[in-house]
Amino acid sequence: KAGVTQTPRYLIKTRGQQVTLSCSPISGHRSVSWYQQTPGQGLQFLFEYFSETQRNKGNFPGRFSGRQFSNSRSEMNVSTLELGDSALYLCASSLIPGWRGASGQETQYFGPGTRLLVL
Amino acid sequence: ELKVEQNPLFLSMQEGKNYTIYCNYSTTSDRLYWYRQDPGKSLESLFVLLSNGAVKQEGRLMASLDTKARLSTLHITAAVHDLSATYFCAVDISGTASKLTFGTGTRLQVTL
């Protein structure tokens, strides 16, 4: 069973540009969450999508947005990039939010990440 | 606001030794996760703890959860070099298992 995939894996942009990152969840998983990881702030939750609807949102400015498609694939977009947006962006998928079924079904599985460098 | 604290932040230990990583959180939750991250890599799920008193073990790692104390521990038994990584605990209070608040991480270095 294929894991969570993210594209691209590496990206270099300049300040003011925008970027779109893509995430394909594990087959059958309907929830996709996005996280930002930086050395200074650690791992921070960005937002979560389920059935094409944003269900949870973290404390990030409106420049960060996302969406989910009917096949559960998700994209996140960052507009007007700033130097501080340089980070590893991780996508995670889970079967059904809040599901307390057999062991492992409650878990979020993370993709390899997209490393974004803003110059 | 939920705060998740781990200690120690850095741990250097010799092979064969035992040690415990602590994870404290500030808001009631009965859903706690442990992840491992190797340098430059993504997060690998280790344990999911879903109830008070839950204990899970995999190889040399054992995790437990005390929801009353808002404390989880990750115990390492007879450490080996392959366990060198950063370990994160994460708590979910949203009830959706899809919005995790992570601890600061504990960087574990096992020396020969």
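A brief structural summary. All values derive from a computational prediction rather than experimental measurement.

Glancing now at the overall build of chain A. Per the secondary structure count, chain A includes zero helices and 11 strands. For chain A, the sequential pattern of α-helices and β-strands runs β-β-β-β-β-β-β-β-β-β-β. The buried share of chain A, reckoned over its 119 residues, is 49%. Here chain A displays about 5,600 Å² of accessible surface, and carbon together with sulfur accounts for 50% of that area.

This part covers the state of the cysteines. For the coordinates displayed, the defined rule picks out two disulfides over all chains. Each sulfur in the disulfide pair cysteine 23 of chain A and cysteine 91 of chain A lies 1.7 Å from the other. Between cysteine 23 of chain A and cysteine 91 of chain A, the S-S torsion sits near -50 degrees, and that sign places the bridge as left-handed. With cysteine 23 of chain A in strand 3 (residues 19–24) and cysteine 91 of chain A in strand 9 (residues 87–94), the pair connects residues that are 68 residues apart, well separated along the chain. The exposure class of cysteine 23 of chain A is buried, given its relative accessible area of 0%. A relative accessible area of 0% means that cysteine 91 of chain A is categorised as buried. What pairs with cysteine 23 of chain B in a disulfide is cysteine 89 of chain B, and their sulfur atoms sit 2.0 Å apart. On the S-S bond that ties cysteine 23 of chain B to cysteine 89 of chain B, the torsion sits near 80 degrees, and the link is right-handed. With cysteine 23 of chain B in strand 3 (residues 19–25) and cysteine 89 of chain B in strand 9 (residues 85–91), the pair connects residues that are 66 residues apart, well separated along the chain. Of the residues examined, cysteine 23 of chain B reaches a relative accessible area of 0% and is grouped as buried.

Another aspect to go through is the pattern of salt bridges. Residue and element names in this part refer to chain A. Per the stated rule, a full pass over the model turns up seven salt bridges over all chains. Taking the shortest distance from any N to any O, the salt bridge between aspartate 85 and arginine 63 comes out at 2.8 Å. Pair noted here: aspartate 85 is in the loop between strand 8 (74–78) and strand 9 and arginine 63 is in the loop between strand 6 (53–57) and strand 7 (64–68), with a separation of 22 residues, a long-range link. Taken individually, aspartate 85 and arginine 63 each receive the classification buried, so the pair is uniform in this respect. Among the salt bridges present, the one from arginine 67 reaches glutamate 75, with a minimum N-O distance of 3.3 Å. Given a relative accessible area of 47%, arginine 67 falls into the partly exposed group.

So, about the pairing of strand 2 (residues 10–14) of chain B. Residue and element names in this part refer to chain B. On strand 2, burial follows the alternation: Leu11 and Met13 on one face are buried, whereas Phe10, Ser12 and Gln14 on the facing-out side are not. Pairing geometry for strand 2 and strand 11 (residues 106–111), over five bridges, is parallel. Along strand 11, the bridge assignment pairs methionine 13 with valine 110.

This part takes up the sheet that holds strand 8 of chain A. All names here are of chain A. With antiparallel pairing, four strands are arranged side by side in an open sheet as 1-3-8-7. Bordering the open sheet on either side are strand 1 (5–7) and strand 7, each of which pairs with just one other strand. For this sheet, the mean angle separating the axes of adjacent strands, direction not counted, is 20 degrees. Summarising the sheet, strand 1 and strand 3 pair through three bridges and their orientation is antiparallel. Residue pairing for strand 3: threonine 5 is matched across the bridge by serine 24.

The partner chain B presents 22 residues to the 25 residues of chain A that form the contact. Carbon and sulfur atoms make up 50% of the area that chain A and chain B hide from each other, which totals about 1,800 Å². Remark: the boundary between chain A and chain B carries zero salt bridges. There are four residue pairs in polar contact (both at pLDDT 80 or more) connecting chain A and chain B. If you tally residues by element for the side of chain A that touches chain B, the top one is strand 4 (residues 31–38) of chain A, at four residues.

The rules we used
- Residues numbered from 1 in each chain as written.
- Chains lettered and ligands numbered in written order.
- Predicted model: local features only at pLDDT ≥ 70, side-chain atom pairs only at ≥ 80, totals over all residues.
- Heavy atoms only, no water.
- Helix = DSSP H or I, 4+ residues; strand = E, 2+ residues; numbered from the N terminus.
- Buried < 20%, exposed > 50% of the residue type's maximum accessible area, 1.4 Å probe, protein only.
- Areas by Shrake-Rupley, 256 points an atom, 1.4 Å probe, with all protein chains shown as cover.
- Disulfide = S-S within 2.5 Å.
- Salt bridge = Lys/Arg side-chain N within 4 Å of Asp/Glu carboxyl O.
- Pairing = 2+ DSSP bridges.
- Axes fitted to C-alpha atoms, helices over the stretch in contact; angles between N-to-C directions.
- Contact = heavy atoms within 4.5 Å.
- Buried area = accessible area lost by both parts, 1.4 Å probe.
- Polar contact = N/O pair within 3.5 Å; in protein donor to acceptor, adjacent residues only side chain to side chain.

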